[in-house]
Amino acid sequence: MTARLRFILGRLVQAVPIVLGIIILNFLLLHLAPGDVATVLAGEAGGAPPEYVAQLRHDFGLDQPLWIQLLLYIKNILSLDLGYSFRQSMPVLQLILERLGPTLLLMGTTLLISVGFGVLLGLIAAMRVRRWADTMISILAIIAYATPLFWIGLMLIVLFSIKLDWLPTTGMETVAAFYEGWDRVLDIAWHLVLPALTLSLFYMALYTRLMRAAMLEQAGMEYVTTARAKGLTERRITFRHILRNAFLPVLTIVGVQIGSLLGGSVIVEAVFAWPGLGQLAFQSLFARDFNLLLVIFFLSAGLVVIVNLVVDVIYTLLDPRIEAR
Amino acid sequence: MIRASLWQRFAASRSGLIGLAILVLVLILAASAPVFFPGDPFAIVDKPFLPPFGTHLLGTDSLGRDMAAGIAHGAGTSLMIGLVATLAALFIGTLIGAFAGFYGGLVDNLLMRLTELFQTIPSFIFAIVLVAILSPSLSSTIIAIAVVSWPPIARLVRGEFLSLRRREFVEAAIVLGMGDLQMIFRQILPNCLSAIIVTGSLLVATAILVESALAFLGLGDPNIMSWGFMIGAGRTYLRTAWWLCAIPGIAILLTVLAINLVGEGLNDALNPRLRTL
């Protein structure tokens, strides 16, 4: 137990320079961006005199040397003072918290679909290797792997919403219907189907291929021969022995997927008008609200750091050898 | 001799050959665009919303621009950005990986921390932020894709260097009094080329996907025709003219698929021991 605790603490310490690096990168990008808070505010005020802009610069500490500004920025970020979005007339933190729910719902559903179906399809392909089921699954996975996310989303809308009229085209719920309780849950679930499916497709394909390869690789290992020699049934060998080991590479990729899910959600939320963080990022992009955009950027990188830590911990639970290293 | 056997090994995979055939077709399409569709692909040629297989092979878009011209010119854009961005990423990744793996110690530690930092940041959001700050253009698209794609290459090259560093031919080079740079670039690097080529070829496919997504979001160069832009422009007319989005998407899919298949074929041909996936 203490060994595991020491391992986790070690990982936490390793994460510190990364988080610091992300903050510094964020600060540099914010400085590269055209215009600062003062010019934005002055612009809102409409042709403000230069003295006013200079006063604003002073108030925000923008006339200080760069390294003091950086320290100020780090202090602000760490105390969750994320600034104010003058375009949306709202504190950035409040804006983000409002949009977090829909994005987490979309991401969570996507994670479940892609890991669940990916592992299942990879398992089927590996158990039927070189037969027609395997060939079909492998071909579909290669195609899904090459499909642009935004395009498959649009094509699903054409098929299921416009031609068949089975599912809603955009949004997260039927606002005009004023559903409550379970009706509302059902309505949101209905709206969730196409966005989640679109966002799942790429990683489902990746997990399918990864799982198939890992299953086939593990099946050739010596411990499988040992298990067979002990007289275990093939079913038990596959599900109790091979499956557990084959799942490890999938778990590693889950950490990577979280980061790419956030990027993907910008696209998917833009396609399906899903009211989450991705759409907020998209809006801030075109309103040239760089502070808001960079806070979202920082949070998404921070989320990846946290998820990687969690994955490391789960890893030690699944494979006790890892701590020893 | 070696080349012939390499080709034979590549040709042994049917999917690799299919990919190569599609890729050659796309290359021909891109090269012939100025011949068959001279002039500006943004030019208005006819009434808007003409369906495909009429007077214009692929119809016209919402402004009356020729879809076929857009597809042909877009092929060149995708391939060019995919290739140049990949070369830039290979350049950065190889340099960082080579120095980290060759020198080890503090240099390795620092460079790998940097790599880890860039690998932690979600790449597509990073690319969006970069293009937004540099303002959309051809060069900012290429820079953004290169900046987010180099970390895996650095890790790969570092790994190769770490294992090659202790080999006898490197020790022989040290004994001969060879300089560090010469050892890195003339002796060790050529031995990593096959791994770099395979990863690079797959990276071209990813780069094309990222480019199309950026263009779809309206972050592409406004003066250059691209498939992602065409899909973004056709989006509003999904209900009445779904083919405006469908056709460029199929072009992206086929191109990316072809490059992936060729990359995997190359992997099997160049690294017969490492049949991953």
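What you are looking at is a predicted structure, and each value in this text was computed from that prediction instead of being measured.

### Examining the overall build of chain B
Then comes step 1: Scanning chain B from terminus to terminus reveals ten helices and zero strands.
Then comes step 2: When the helices and strands of chain B are placed in sequence order, the string is α-α-α-α-α-α-α-α-α-α.
Then comes step 3: In chain B, buried positions account for 51% of the 277 residues.
Then comes step 4: The contacts in chain B between residues at least 6 apart in sequence include a share of 69% that link residues at least 24 apart.
Then comes step 5: Split by element, the accessible area of chain B, about 12800 Å² in all, is 67% carbon and sulfur.

### Let's talk about unusual backbone geometry
Then comes step 1: The phi angle at A:Ala273 is positive, at roughly 50 degrees, despite the residue not being glycine.
Then comes step 2: With respect to the helices, strands and loops of the structure, A:Ala273 is situated in the loop between helix H10 (234-272) and helix H11 (277-286).
Then comes step 3: In this structure A:Ala273 comes out as partly exposed when scored by relative accessible area, which is 32%.
Then comes step 4: In this structure, B:Ser135 is a non-glycine residue whose phi angle is positive, near 65 degrees.
Then comes step 5: Looking at B:Ser135, the relative accessible area reads 34%, which means it is partly exposed.

### A closer look at the confidence of the model for chain A
Then comes step 1: This prediction gives chain A a mean pLDDT of 82; 91% of its residues lie at or above 70.
Then comes step 2: When pLDDT is averaged over each helix and strand of chain A, the minimum, 57, is found for helix H13 (residues 321-324) of chain A and the maximum, 89, for helix H5 (residues 92-127) of chain A.

### Digging into the interface of chain B and chain A
Then comes step 1: Counting from both sides, the interface comprises 38 residues of chain B and, opposite them, 47 residues of chain A.
Then comes step 2: Taken together, both faces of the contact between chain B and chain A bury some 3900 Å²; the carbon and sulfur share is 81%.
Then comes step 3: Taken together, the links from chain B to chain A amount to one salt bridge.
Then comes step 4: B:Glu264 is the salt-bridge partner of A:Arg209, the closest N and O atoms lying 2.9 Å from each other.

### A short note on the environment of A:Leu201
All names here are of chain A.
Then comes step 1: Checked against the element boundaries, Leu201 lands in helix H8 (residues 181-219).
Then comes step 2: Along the sequence, Leu201 and Ala144 sit 57 residues apart, while their C-alpha atoms lie 6.4 Å from each other.
Then comes step 3: If sequence neighbours within four positions are ignored, Leu201 has contacts with Ala144 and Ile152.

### A word on the side chain of B:Thr86
Residues and elements named next belong to chain B.
Then comes step 1: Residue placement: Thr86 occurs in helix H3 (residues 67-103).
Then comes step 2: Polar side-chain contacts of Thr86 include one of 2.6 Å to the backbone oxygen of Gly82.
Then comes step 3: Ignoring sequence-local partners within four residues, the contact set of Thr86 consists of Ile81, Gly200, Leu203, Val204 and Ala207.

### Overview of the pattern of salt bridges
Residue and element names in this part refer to chain A.
Then comes step 1: With the rule as written, the count across this model stands at six salt bridges over all chains.
Then comes step 2: Between Asp312 and Arg11 there is a salt bridge; the shortest N-O distance is 2.5 Å. Here Arg11 lies in helix H1 (residues 2-32) and Asp312 lies in helix H12 (residues 290-318), a separation of 301 residues in the sequence.
Then comes step 3: The exposure class of Arg11 is partly exposed, given its relative accessible area of 28%.

### Quick look at the nonpolar core
Then comes step 1: Core analysis: the largest hydrophobic core is formed by 153 residues, its most contacted members being A:Leu29, A:Phe150, A:Phe297, B:Phe126 and B:Phe161.
Then comes step 2: Examining the composition of this core, we find that 16 residues originate from one element, helix H8 (residues 180-216) of chain B, more than from any other.
Then comes step 3: Counting residues in hydrophobic clusters, the runner-up holds 18 residues, among them A:Ala126, A:Tyr203, A:Tyr207 and A:Val254.

### A closer look at the environment of B:Ser78
Residues and elements named next belong to chain B.
Then comes step 1: Relative to the helices and strands, Ser78 is located in helix H3.
Then comes step 2: Through-space distance from the C-alpha of Ser78 to that of Ala207 is 8.7 Å; in sequence the pair is 129 residues apart.
Then comes step 3: Those residues in contact with Ser78 that sit more than four places away from it in its chain are Ile208, Glu211 and Trp227.

### Section: the packing of aromatic side chains
Then comes step 1: Here the structure, examined in full by the defined rule, presents 14 aromatic pairs over all chains.
Then comes step 2: For the ring pair B:Phe118 and B:Phe126, a centre distance of 5.9 Å and an interplane angle of 45 degrees mean the geometry is tilted. Considered together, B:Phe118 and B:Phe126 belong to a single accessibility category, that of buried residues.
Then comes step 3: Here the aromatic residues A:Tyr145, A:Phe202, A:Tyr203 and A:Tyr207 are joined through ring pairs into a cluster of three or more.
Then comes step 4: Sitting over the ring of A:Tyr145, A:Arg209 keeps its end group 5.3 Å from the ring centre.

### Focus: empty space enclosed by the protein
Residue and element names in this part refer to chain B.
Then comes step 1: Evaluated as defined, the whole model comprises three cavities of 30 Å³ or more.
Then comes step 2: Here the largest cavity is characterised by a volume of approximately 100 Å³.
Then comes step 3: If you go around the largest cavity, you meet 13 residues; those closest to its centre are Asp61, Arg65, Met67, Met230 and Ala233.
Then comes step 4: Contributing elements (two or more residues each) for the lining of the largest cavity: H3 and helix H9 (227-234).
Then comes step 5: The element best represented in the lining of the largest cavity is H9, accounting for four residues.

What counts as what
- Residues numbered from 1 in each chain as written.
- Chains lettered and ligands numbered in written order.
- Predicted model: local features only at pLDDT ≥ 70, side-chain atom pairs only at ≥ 80, totals over all residues.
- Heavy atoms only, no water.
- Helix = DSSP H or I, 4+ residues; strand = E, 2+ residues; numbered from the N terminus.
- Buried < 20%, exposed > 50% of the residue type's maximum accessible area, 1.4 Å probe, protein only.
- Contact = heavy atoms within 4.5 Å.
- Areas by Shrake-Rupley, 256 points an atom, 1.4 Å probe, with all protein chains shown as cover.
- pLDDT = per-residue confidence, 0-100.
- Buried area = accessible area lost by both parts, 1.4 Å probe.
- Salt bridge = Lys/Arg side-chain N within 4 Å of Asp/Glu carboxyl O.
- Polar contact = N/O pair within 3.5 Å; in protein donor to acceptor, adjacent residues only side chain to side chain.
- Core = buried A, V, L, I, M, F, W, Y, C linked by side-chain atoms within 4.5 Å.
- Phe/Tyr/Trp six-rings, centres within 6.5 Å; stacked < 30°, edge-to-face > 60°.
- Lys NZ or Arg CZ within 6 Å of the ring centre and 35° of its normal.
- 1 Å grid on protein atoms, 1.4 Å probe; cavity = no way out; pocket = protein on both sides within 12 Å on 5 of 7 lines; lining within 4 Å.
- Points joined across faces, edges and corners; volume = space filled by probe spheres on them.

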